[in-house]
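Each chain is listed here by its residues.
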Amino acid sequence: MKWNCLFFGMMLCLITPCRAEVQGPVQSDPLIVQSLSQVNADSISSYIEDLVNCHTRHNLSTQSDTKKGIGAATSYLERRCQEFVAKASKNRVKPVVEVVRYEAGGENTRIGKKVSLPNVMVTLPGSVATGEIILLAHYDTRVNDNYDGETFAPGANDNGSGCACLLEIVRILSQVQLNQTVRCIFTSGEEHGLWGATHMAKQAKENGWPEFVSVQNHHNLIMREDEREMKVYADERNIALTPYSALAAGRLSKRPGETSKRLEQDSYAKLKYNASAD
């Protein structure tokens, strides 16, 4: 149910055209229903396990080892996407998979030195020439030490889970002729300063993609990390930010000392917010 709810929202945005007004009862879109029926929870779990098996996806980890490091993760994402694209429906314009390299870091950055990093991008061409939808998930990981590219950093949730969803979207939507072009981008460099996403934003401008107008980010009165980088970047470029978890999983809706079943049992929310509360 969890995966179906997630994919229903994504499919609704990707497959149906925008309408200014809806009149009468809303009917189920057969294409959305069909696409949702193809979501495979076991596949999503296997994608996450495969990424975890890379040991670490740290931005300073090896790019030459075929089994571990960010290089292995990049090859895995590219290979899986190529497999999906090879099976694309003959009724749609063929999707394109590419690795986009960029220069990141420097002496006074969180990476500490200059490094060449890869993003993986899948373009699912639409039938309408105007407007695009861009979905991103970062696949790099890290531990507390900024420069430790050797220690086990599985990143199953942050953000292997997001990458797994994006892989499943590529698999399913490669079989559908979309109205609008969709770009699914797996970015590196996020854990050390949003380098991969920033590069793709520059690529969008240089190549005439539709300009970024809105980004969903994680921001509330407890989780304020985005004020250092994301908000500054968005303000400079007039990009709207739409925060999720604005109430910090319910914490900001409670009086001091008040609790709930979710506050007691949601272990992931505790990991995100309890340290800040202390």
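Computed from a prediction, not measured in an experiment: that's the story for all the values here.

Secondary structure assignment for the chain yields nine helices and six strands. Counting over 278 residues, the chain shows a buried share of 43%.

Looking now at the confidence of the model for the chain. The share of residues in the chain with pLDDT of 70 or more is 90%, and the mean pLDDT across the chain is 86. In the model, residues 1–13 has pLDDT below 50 throughout and makes 24 contacts with residues more than four positions away in sequence or in other chains. Contacts from residues 15–20, a stretch scored under 50 in pLDDT, to residues over four places away or in other chains number 10 contacts.

For the rest of this paragraph, the subject is the packing of aromatic side chains. Any aromatic ring pair is given by two values, namely how distant the centres are and how the planes are angled relative to each other. Counting across every chain of the model gives one aromatic pair. Directly above the ring of W209 sits R183, whose terminal nitrogen or CZ lies 3.9 Å from the centroid.

Helix length check: helix 3 (residues 41–52), at 12 residues, gives a terminal C-alpha distance of 17 Å against a target of 16 Å (1.5 Å per residue), a fit within 8%. Along helix 3, the positions that sit buried rather than exposed are S43, I44, Y47, I48, L51 and V52. Between a side-chain oxygen at the N-terminus of helix 3 and the backbone nitrogen of D42 the separation is 2.9 Å; the capping residue is N40.

In this structure, S188 sits in the loop between strand 4 (181–187) and helix 6 (195–206). Taking the C-alpha atoms as reference, S188 lies 5.6 Å from H138; in sequence the two are 50 residues apart. Residues within four places of S188 in sequence aside, it is in contact with N59, I70, Y102, L117, P118, N119, Y139, D140, W195 and G196.

Quick look at the side chain of S35 now. Structurally, S35 is set in helix 2 (residues 30–37). Within polar-contact distance, the side chain of S35 engages the backbone oxygen of L31 at 2.9 Å.

The next thing to look at is the pattern of salt bridges. On inspection of all chains with the given rule, the structure shows seven salt bridges. Residue E227 is joined to R224 by a salt bridge in which the shortest nitrogen-to-oxygen separation is 2.9 Å. Residue classification places E227 among the partly exposed positions, given a relative accessible area of 31%. Overall, R224 belongs to the partly exposed group, its relative accessible area being 45%. One salt bridge connects D266 with R262, and the closest N-O pair in it is separated by 3.2 Å. On the basis of relative accessibility, which here comes to 48%, the residue R262 falls in the partly exposed class.

What counts as what
Here the residue numbers are simple positions, counted from 1 along each chain's written sequence. Since the coordinates come from a predicted model, pLDDT governs what is reported: local features require at least 70, and pairs of side-chain atoms require 80 or more to be given and counted, while whole-chain, interface and lining totals use all residues. With hydrogens and water stripped out, all remaining heavy atoms of the structure feed into the side-chain values. Here a helix means four or more residues in a row that DSSP labels H or I, a strand means two or more in a row labelled E, and each is numbered from the N terminus. Type-normalised accessible area, obtained with a 1.4 Å probe on protein chains alone, sets the label of each residue: buried when under 20%, exposed when over 50%, and partly exposed for intermediate values. The predictor attaches a confidence to each residue, called pLDDT, with possible values from 0 through 100. The contact criterion used is simple: two residues touch if any of their non-hydrogen atoms lie within 4.5 Å. Here the aromatic set is Phe, Tyr and Trp, taking the six-membered ring for Trp, and pairing holds for ring centres within 6.5 Å; pairs whose planes are under 30 degrees apart are stacked, those over 60 apart are edge-to-face, and all others are tilted. Look at NZ for Lys and CZ for Arg. If either is within 6 Å of the ring centre and within 35 degrees of the ring normal, a charge sits over the ring. The length a helix should cover is 1.5 Å for every residue beyond the first. N or O atoms closer than or at 3.5 Å make up a polar contact, with two conditions inside protein: a donor-capable atom paired with an acceptor-capable one, and, for residues adjacent in sequence, both atoms drawn from side chains. Note on definitions: salt bridges are taken to be side-chain nitrogens of Lys or Arg within 4 Å of carboxyl oxygens of Asp or Glu.

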